[in-house]
Amino acid sequence: MGEENGPLRLNRRALLAAAVIAGAGTAGVGGFLFAENAIGPARLTARRIVDGLQAANGFVPGYRRNHAKGVAVAGRFESNGAGTELSTAAVFRPGSYLVHGRFSLAGGKPFAPDVLDARRGLGLRVTLPAGEEWRLALLNIPVFTDASAQDFHDRTAAYAPDPATGKPDPERVRAYLAAHPKTAAALEVIKRNPPTASFATSTFHGLNAFECVDAHGTRTPVRWRLEPETTGATGASGDDQLFTGLVRDLRREPLRWRLIAVVGNRGTDPTHDPTIPWPAERRGIDTGTLVLTAVASESAANVRDVNFDPLVLPNGIAASDDHVLQARSAAYAESYRRRAGETATRQPLRVEGLA
Ligand code: HEM
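Because the structure is predicted, anything quoted here is derived from the model rather than measured. (Residues numbered from 1 in each chain as written. Predicted model: local features only at pLDDT ≥ 70, side-chain atom pairs only at ≥ 80, totals over all residues. Heavy atoms only, no water.)

For the protein chain, the helix and strand inventory stands at 8 helices and 10 strands. Looking at the 355 residues of the protein chain, the share that counts as buried comes to 52%. Sequence-distant contacts, at least 24 apart, represent 74% of the contacts inside the protein chain between residues at least 6 apart. With an accessible surface of roughly 15,400 Å², the protein chain has 56% of that area assigned to carbon and sulfur atoms. (Helix = DSSP H or I, 4+ residues; strand = E, 2+ residues; numbered from the N terminus. Buried < 20%, exposed > 50% of the residue type's maximum accessible area, 1.4 Å probe, protein only. Contact = heavy atoms within 4.5 Å. Areas by Shrake-Rupley, 256 points an atom, 1.4 Å probe, with all protein chains shown as cover.)

Below, the structure is given as structure tokens:
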């Protein structure tokens, strides 16, 4: 067993996870910097990132500052044991592990009409033995748009809707992309992978790299990919078409995705920059199947009060050198702190067929 598995480490992780869940403004060891200190010349903090999201996209009290529109799902992860080749994480031992999750659309508005090319999100919390958890938040795009937290913050401002038109100002967007070639290149990759018609048929990507740690302490860089087994989906129309379709699809049959660990080549495949794709021929280890069986409106009883912080990790999976992870962890905690302290002025999203 490597240093990852010592009891001290376990306790510390559990404490950190509890602090993040409580919205205490911490975010794991590295993320603390983002939460409390200045980052770079512009003094970027989690507060400023979330202020920027609120200013650009608006918000509704009690709801998430990004990916505000969403519903809760539940099911299990059926692990086939293949992931033990890379990692000691309990989730890769053969077995079935409880999953709570949330499908979402990016943006600050929990009741905005669905847009097919809005980023689709999937948050997952996998419950493991001995009090461990694995939290993930994935998107239906193959690379991320931003190489750093600063770029995320600046792009959010550059793409803020112009009050006169309700759309981003094309001149401002052009200037932003000209100054940020990594984002421009990532958007080209994204364009070549257009969204499907439903959540059920979407491929979800973890985007940021992680490190799998095996029993000898050997680390392997990975990126996660969820590949849908569902090919045909029911489809729906109207303002909530994606969510209505999800409810119909789930009522027909459980929805399934294979969890693929894409194995990076140390030295040639960048782990620190989520805008850069890894070569398509990289080996993917099929570690098992995510099976979602239930869907419900968000509530205190399910995932309303869960923070899908990507740094809540089980022993055997560690953060990579990608600083976007720490920024995410700190920003999610800040968004959580704000929403948990507010009284919601509107009932959660309810779509046809959903209690
Ligand atoms: C610097 C980069 C990023 C920032 C600042 C950021 C910020 C945020 C914030 C503030 C939230 C709301 C959290 C809450 O209230 O619980 C959120 C949600 C989310 N983000 Fe990010 N994000 C970033 C990058 C990413 C990336 C790379 C992914 C995918 C790999 C991602 C996927 C998601 C998903 C799926 C949700 C919704 C989770 C849920 O249902 O609670 N984000 N993000």
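Next comes the rest of the account.
Among all protein atoms, only Tyr332 (OH) binds the iron atom of the ligand, sitting 2.2 Å from it. Of note, Tyr332 is situated in helix H8 (residues 323–340). (Donors = N, O, S within 2.8 Å, 3.2 Å for Na, K, Ca; no water.)

Here the focus is the pairing of strand E4 (residues 133–139). The buried fraction of E4 amounts to 6 of the 7 residues, a majority that puts the element mostly inside the structure. Where strand E3 (residues 120–127) and E4 come together, 7 bridges link them in antiparallel fashion. Residue pairing in the sheet places Thr127 in a bridge with Glu133 of E4. Between the end of E3 and the start of E4, which pair antiparallel, lie 5 residues, with Ala130 showing a positive phi angle near 60°. (Pairing = 2+ DSSP bridges.)

If you check the shell around the ligand, you find 26 residues, and the closest are Arg64, Arg102, Tyr332, Ser335 and Arg339. At 2.7 Å, a side-chain N or O of Tyr332 approaches a nitrogen atom of the ligand. Within the side chain of Arg339, an N or O atom sits 2.8 Å from an oxygen atom of the ligand. Of all the secondary structure elements, the ones that give two or more residues to the shell around the ligand are helix H3 (46–57), strand E2 (95–105), E3, E4, helix H4 (149–158) and H8. (Near = heavy atom within 4 Å. Polar contact = N/O pair within 3.5 Å; in protein donor to acceptor, adjacent residues only side chain to side chain.)

Let's shift gears to the packing of aromatic side chains. The relative placement of two aromatic rings is captured by the distance of their centres and the angle of their planes. As enumerated under the stated definition, the model contains 10 aromatic pairs in all. Judged by centre distance (6.1 Å) and plane angle (70°), the rings of Phe92 and Trp134 are edge-to-face. Of this pair, Phe92 sits in the loop between strand E1 (69–79) and E2 while Trp134 sits in strand E4; the two residues are 42 residues apart in sequence, bridging distant segments of the chain. Assessed through its relative accessible area of 2%, Trp134 is described here as buried. Here a set of aromatic residues connected by ring pairs shows up, and it is made of Phe103, Phe199, Phe204, Phe243 and Trp257. Here the guanidinium or amino end of Arg346 rests over the ring plane of Phe111, the centre of that ring lying 3.8 Å away. (Phe/Tyr/Trp six-rings, centres within 6.5 Å; stacked < 30°, edge-to-face > 60°. Lys NZ or Arg CZ within 6 Å of the ring centre and 35° of its normal.)

Let us look at the pattern of salt bridges. Scanning the entire structure with this criterion turns up 24 salt bridges. In this structure, Arg338 engages Glu334 in a salt bridge whose closest nitrogen and oxygen atoms are separated by 2.7 Å. Placement of both Arg338 and Glu334 in helix H8 is noted, with a separation of 4 residues, approximately one turn of the helix. The class for Arg338 is buried, based on a relative accessible area of 14%. The exposure class of Glu334 is buried, given its relative accessible area of 6%. (Salt bridge = Lys/Arg side-chain N within 4 Å of Asp/Glu carboxyl O.)

Looking at the secondary structure, you find Phe59 in the loop between H3 and E1. According to the relative accessible area criterion, Phe59 is partly exposed, its value standing at 35%. Between the C-alpha atom of Phe59 and that of Gly108, which follows or precedes it by 49 residues, the distance is 5.0 Å. Those residues in contact with Phe59 that sit more than four places away from it in its chain are Gln54, Arg65, Gly108 and Glu342.

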